[in-house]
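Results of the structural survey
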Amino acid sequence: MSSSGQTDKDRWDELQIDRLLIGLSADEQVEYEAFSGRMPASPSGSFEKVVASIDVGWWESNSIPLPEQLRKTIRDQAVQELSSPAPWPGKTPAVGQTAARSTRLPWAVAAACLSLTVFTLFLNRPSKDIVKNATQLRTELIATSKDVIELKWSAGPTPIAGAEGDVVWSPEKQQGFMRFRGLAVNETTQQQYQLWIFDKNQDEKTPVDGGVFDISSDGEVIIPIHAKLRVADVYLFAVTIEKPGGVVVSTRERLPLLAMVKKS
Amino acid sequence: MLVPLLPRVAQGEVAAIDECLDRYGGLVWSLARRLSPTTPDAEDAVQEIFVDLWRNAARYREDLGEEATFVATVARRRLIDRQRKLSRTPKPQSIDETTFAYASPEVTTIETSEDGQRAAACLDKLRENEREVLELSIYHGLPHSRISERTGTPLGTVKTLIRRGLTQLRSCMQLSIRVIAEGGVSL
């Protein structure tokens, strides 16, 4: 029994239910893992299956069809992934461990080369394709990175009316994407946008350069982040407007967007 | 009972992807719309959920449960994970403003899922206040504190009602399975 008077079973039930309905904090997740290793499975089955069954029951009476455009995007992503050399779990016939390891490296190298080729193509193809593929890469990053940070842009000291969006960043992979809607299209010969990444381990005066970029549409635009240095502990992303090519140190006179990591 | 599609997806069959989107697109989208703060968030979430599904397709085991329940499980895990991440940043609007845009669930007329049918029948056996908090929590995705405010029920009582309701549902659903297995009337 815990100090609060809760039995282990009560607490285990509470953690299981919170995990399903509201999610767990990092501390609770650790506690959950510890319990799951020693608590016996309930003979009545799992709460997770109960909640999923309720979701299914309610869906069948209140279904909203998947929008056609979204369906097409998901299908295209799936087909693209299916045709890639890196197999899905279960796609490859079972083979011995040694054989699997020996064939994995060439596939990985091929996949890396393909990724590089595709990425190079992104840089040289029309903007429509850049948006489409950046969207897929962003989705992929979010889906495959447990540590990804997602932040909404908020107005900076010199805001641009109607500009909004978000930024995602994986500290482990050092990869991220900015998404914008309503950010003013820039005249590239006169000015460019530049991202700055503020790291707790770095002087506030010298944030990490996150790359120079252009906005070619006031619709949704997704821009990959190109951090010039490793970012250990990000606490703020800031977008400034600079001369073409960007600057080494920004005066921060024109700073339309900020995204701050909330202190935990 | 419908023939599972995920084993075919795991084998890389493109036709199974199409069938899967036809069969479960509405389930995933309905869940994402209800449990996401905005439509763009829901669109992102749905894409992530299907990536999860394709990658975990080989893990589905027909003997352990229905495929629709598996899909709902994968979807809910991803959606709650996203909610948790979003809650670390300032919300653009209250979750109430969007979640209540969707009508509460009606009495179900199940055609395909035995799990869903059992769950709906067992829900009907709960007390009114237990059913209400479960609906606000599971269907509308409200946190316990919001349910407390909305129903005027103390926070501790909300947690108790949710736990008691789910425990009863779990027992009821298990009992229904046993009755079916022994050749009786299902519910």
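Below is a short write-up of the structure. Computed from a prediction, not measured in an experiment: that's the story for all the values here.

Another point: the overall build of chain A. When its secondary structure is counted, chain A shows 6 helices and 9 strands. A buried classification covers 25% of the 264 residues belonging to chain A. Residue pairs in contact within chain A that sit at least 24 positions apart in sequence constitute 57% of those at least 6 positions apart.

So, about the sheet that holds strand 4 (residues 175–181) of chain A. Residues and elements named next belong to chain A. Judged by pairing direction, the sheet is antiparallel, and its 4 strands sit side by side in the order 1-3-4-7 without closing on themselves. Among the strands making up the open sheet, the edge pair consists of strand 1 (149–152) and strand 7 (221–224). Averaged over all neighbouring strand pairs, the angle between strand axes comes to 15°, with direction disregarded. As judged from the 7 bridges shared by strand 3 (residues 164–170) and strand 4, these two strands associate in the antiparallel manner. Within strand 4, the position partnered with G165 by the bridge is F180.

With that settled, consider the pairing of strand 9 (residues 257–260) of chain A. All names here are of chain A. On strand 9, burial follows the alternation: L257 and A259 on one face are buried, whereas L258 and M260 on the facing-out side are not. As paired elements, strand 2 (residues 154–155) and strand 9 share 2 bridges and run antiparallel to each other. Counted as the bridge partner of A155 is L257 from strand 9. The pairing of strand 8 (residues 234–242) with strand 9 spans 4 bridges and is antiparallel. By the bridge assignment for strand 9, V239 is matched with L257.

Contact pair helix 4 (residues 68–82) of chain A / helix 3 (residues 39–56) of chain B: the axes reach a minimum separation of 10 Å and the direction vectors enclose 35°. Seen from above, helix 4 of chain A lies across helix 3 of chain B with right-handed handedness. Across the interface between the two elements, L70(A), T73(A), I74(A), Q77(A), A78(A) and E81(A) of helix 4 of chain A pack against E43(B), V46(B), Q47(B), F50(B) and W54(B) of helix 3 of chain B. In terms of residue class, the contact of helix 4 of chain A with helix 3 of chain B is made up of 6 nonpolar, 3 polar and 2 charged.

Here we take up the environment of R146(B). Mapped onto the elements of the fold, R146(B) is located in helix 8 (residues 144–151). Taking the C-alpha atoms as reference, R146(B) lies 10.0 Å from V158(B); in sequence the two are 12 residues apart.

All names here are of chain A. Look at Q174: it is not a glycine, yet its phi comes out positive at around 55°. For Q174, the position within the fold is in the loop between strand 3 and strand 4. On the basis of neighbour count, Q174 is assigned to the partly exposed category, with 13 C-beta atoms found within 10 Å.

Rules used in this analysis
Residues numbered from 1 in each chain as written. Chains lettered and ligands numbered in written order. Predicted model: local features only at pLDDT ≥ 70, side-chain atom pairs only at ≥ 80, totals over all residues. Helix = DSSP H or I, 4+ residues; strand = E, 2+ residues; numbered from the N terminus. Buried ≥ 20, exposed ≤ 12 C-beta atoms within 10 Å, placed from the backbone. Contact = placed C-beta atoms within 7 Å. Pairing = 2+ DSSP bridges. Axes fitted to C-alpha atoms, helices over the stretch in contact; angles between N-to-C directions. Left-handed = near helix turned anticlockwise from the far one by under 90°. Nonpolar A, V, L, I, M, F, W, Y, C, P; charged D, E, K, R; others polar.

Geometric descriptors of this kind do not, in isolation, establish any biological role.
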